[in-house]
Amino acid sequence: MNVWDESRIEAVIEDYQEYVNPGLASLMKFAGFGDVEVEAQGCYLRTASGAEYLDCLGSYGVFSLGHRHPHVCAAVHAQLDQLPLSSRTFFNEKSATLAKKLASLAPGNLQFTFFSNSGTEAVEAALKMARVTTGRTDFIATIGAYHGKTMGALSATGREVFRRPFEPLVPGFSHVPFNDFDAIAAKVSDRTAAVIIEVVQGEGGIIVAKPGYLEAIRQLCNDNNILLIVDEVQTGLARTGKMFACEHYGVNPDIMTLAKALGGGVMPIGATMATPDVWSGTFGGNPLIHTSTFGGNPLACAAGLAALEVVESEDLCSASAKRGEQMLAGLQQLQAELPGTITEVRGLGLMIGVEFAVKDVAELTINGLARRGVIAAYTLNNPNVIRIEPPLIISETQVHTALAALGESVRESIEMLEGM
Ligand code: PMP
C-alpha cells in the first residue's frame, strides 16, 4: 500500500484549513482524524499514513453494503462506459427499473418515485408534495429531528443551533417532543398538511419510536386527512433490521424519503416515494412542477439497483438484526460495568446509540476509538451520544473488536478526565 510523506498529509490538512473549512478542520484533528483518507474496502478505510480503520460510522448510514461493494462497483463501471448522465430527453431504463423495484419493496402503496441527489433534496420534494396535494401549508415535526439543512428541510429539522441563524425559515412548522403523541395531536389544525417524522431519530441521539406512537400518528393523519411523511433517509434499506424501519410498526406512510444507503456506498442519490393520490396531486397539473437535472441519473440509479440486489441477495436485514443484537448486548454489558458513565444504550438493528452522562467522555472516547483503529462519531443534535452504524456486512469478530476498543476507550477517557 502507498504510504504518503508526512509533508503531503500536512499539506492536505493545511489546504482544508485555508480553503475549505478551518473550524471543521480543527474539530477533525481534535477528534483524532488528522489524516487523509485514501482507499476503502468492505468494513475498512485506509489513510495516507498507512493506518487502517474499522468503519463503525459508515458515513452516517451510507455504507450499509460496506465500501466499494464489488456488485455495485461493477454496475457503476458498466454504466459509466455506456451513458453516465441522462440526456433528459429520452426515457431512461435504469431510472424506470429502480423506481419499479422500489415500488415492489416499499410498504403500503408507495408506487411512484421522484429521484434527487441527497437526503435534504428528498425531504424538500416531500414537503412540496404535501403542500400542493393538500392545499394546506403547515407541518408538524419533532424536536431533535434531522431532515437536512436546505431551507425547507431545515424548517423541519428540530435543532435551534442550525435554524436560528437562518430565520425566517419556511413558515408553518411546529416542533413537538418526540415520542409524545398528545403533543402532535394538540398541534393539528385545518392548515396541517403533514406530519414529518423519523422512525428512529438519528441525529437526535438514536431515539427509537415507542410502540404505538407511529401507529397513533397514522390514525390521527387518517382521521384528519393529513399526510404522513416518514423520513427513512438514515433508517432505510435494512439499517434497522427491516428493509424500512416503519415496517417494525406496520405503519404505511403517504410519502417516504430515502438517500444514504440507496447509492450502495458508491453514488449519491435521494428518492421521494409517494402514493398515486399524492402523485396526481403533485404532478397531475404539471409534470414539471418539481424537477432536478441530476436526479435519477443513470449512474446513481445503476448503483441503486445493484444496492437493492445486494440487500436482498446477502439478506442484510437478517444480518443487521443479528449483528445489531450482538453489538447491543455487548454495549449493555459495558453499561452495566460503567453505570455512572454510560446512561443508556439503545437502537434498532445496526443503528445504535451510546449515551454518556458527560459530553467530554463521549468526545474523548471517539478520539480513543480512532487511536485504536475504529471510526465512530457523535450524533449531530446530541453530542452526548456516540452512534454505531457500521456496514451491515460487519462480522461477529469485527463486532467483538469494536466492542473491545470501545470498552478500552471509555475507561481511558474516564481516567483522563479524572487526572485533569
Ligand atoms: N433526513 C435524515 C433522517 C438524515 O439523517 C439526514 C442526514 N443525516 C438527512 C435527512 C439529510 O441528508 P443529506 O445530508 O444527504 O442532505
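Residues numbered from 1 in each chain as written. Predicted model: local features only at pLDDT ≥ 70, side-chain atom pairs only at ≥ 80, totals over all residues. Heavy atoms only, no water.

Draft legend 1. Local environment of the site of the ligand. The ligand sits among Ser-118, Gly-119, Thr-120, Tyr-146, His-147, Gly-148, Glu-198, Glu-203, Asp-231, Val-233, Gln-234 and Lys-260. In isolation the ligand exposes 390 Å². Once the protein is present, 83% of that is buried. Looking at the shell around the ligand residue by residue, the classes come out as 2 nonpolar, 6 polar and 4 charged. (Near = heavy atom within 4 Å. Areas by Shrake-Rupley, 256 points an atom, 1.4 Å probe, with all protein chains shown as cover. Nonpolar A, V, L, I, M, F, W, Y, C, P; charged D, E, K, R; others polar.)

Draft legend 2. Local environment of the sheet that holds strand β16 (residues 377-379). With antiparallel pairing, the 4 strands of this open sheet are ordered in space as β13-β14-β17-β16. Each edge of the open sheet carries a strand with a single partner, namely β13 (342-348) and β16. Direction aside, the axes of adjacent strands within the sheet are offset by 35° on average. Taken together, the 6 bridges between β13 and strand β14 (residues 351-356) define a ladder with antiparallel strand orientation. In the sheet register, Arg-346 faces β14, and the bridge partner there is Gly-353. Helix-sheet contacts for helix α14 (residues 359-371) involve β14, β16 and β17 (382-388), and the interaxial angle to β17 is about 40°. (Pairing = 2+ DSSP bridges. Helix = DSSP H or I, 4+ residues; strand = E, 2+ residues; numbered from the N terminus. Axes fitted to C-alpha atoms, helices over the stretch in contact; angles between N-to-C directions. Contact = heavy atoms within 4.5 Å.)

Draft legend 3. Inspection of helix α5 (residues 93-105) at higher detail. For α5, built from 13 residues, the straight-helix expectation of 18 Å at 1.5 Å per residue is met to within 8% by its first-to-last C-alpha distance of 18 Å. Those residues of α5 lying buried are Ser-95, Leu-98, Ala-99, Leu-102 and Leu-105. The buried residues of α5 occupy one face: seen down the axis, they fall within an arc of 130°. Facing away from the buried side of α5, by more than 90 degrees, are the exposed residues Glu-93, Lys-100 and Ser-104. On its buried face, α5 sits against β4 (112-116), β11 (255-258), β12 (270-274) and α12 (298-313). Regarding α5, its N-cap is Asn-92, as a side-chain oxygen of that residue lies 3.1 Å from the backbone nitrogen of Lys-94 further along. (Expected span 1.5 Å × (residues − 1). Buried < 20%, exposed > 50% of the residue type's maximum accessible area, 1.4 Å probe, protein only. Arc of directions from axis to C-beta. Polar contact = N/O pair within 3.5 Å; in protein donor to acceptor, adjacent residues only side chain to side chain.)

Draft legend 4. Focus on α12. Given a rise of 1.5 Å per residue, 16 residues ought to cover 22 Å, and the 22 Å separating the end C-alpha atoms of α12 matches this to within 8%. Counting buried positions along α12 yields 13 of 16 residues, so the element is predominantly enclosed. The distance from a side-chain oxygen at the start of α12 to the backbone nitrogen of Leu-299 is 3.2 Å, and the residue carrying that oxygen is Asn-297. Positive backbone phi, at 45°, marks Asp-315, one or two positions downstream of α12.

Draft legend 5. Geometry of the domain arrangement of the chain. Looking at the assigned domains, one finds that the chain contains domain 1 (70-82 + 91-313) and domain 2 (315-420). In this structure, domain 1 and domain 2 have C-alpha centres spaced 28 Å apart. Contact residues are listed per partner, giving 29 residues for domain 1 and 23 residues for domain 2. Contact with domain 2 buries area across many residues of domain 1, yet Glu-203, Ile-206 and Arg-239 alone supply 36% of it, more than any other trio. Where domain 1 meets domain 2, there are 1 salt bridge. Across the pair Arg-387 and Glu-203 runs a salt bridge whose closest N-O atoms are separated by 3.0 Å. Taken together, the links from domain 1 to domain 2 amount to 17 residue pairs in polar contact (both at pLDDT 80 or more). Going through the elements one at a time, β9 (207-208) and α12 are the ones with two or more residues in the side of domain 1 that touches domain 2. Split by residue class, the side of domain 1 that touches domain 2 holds 13 nonpolar, 10 polar and 6 charged. (Domains from an automatic or database assignment. Buried area = accessible area lost by both parts, 1.4 Å probe. Salt bridge = Lys/Arg side-chain N within 4 Å of Asp/Glu carboxyl O.)

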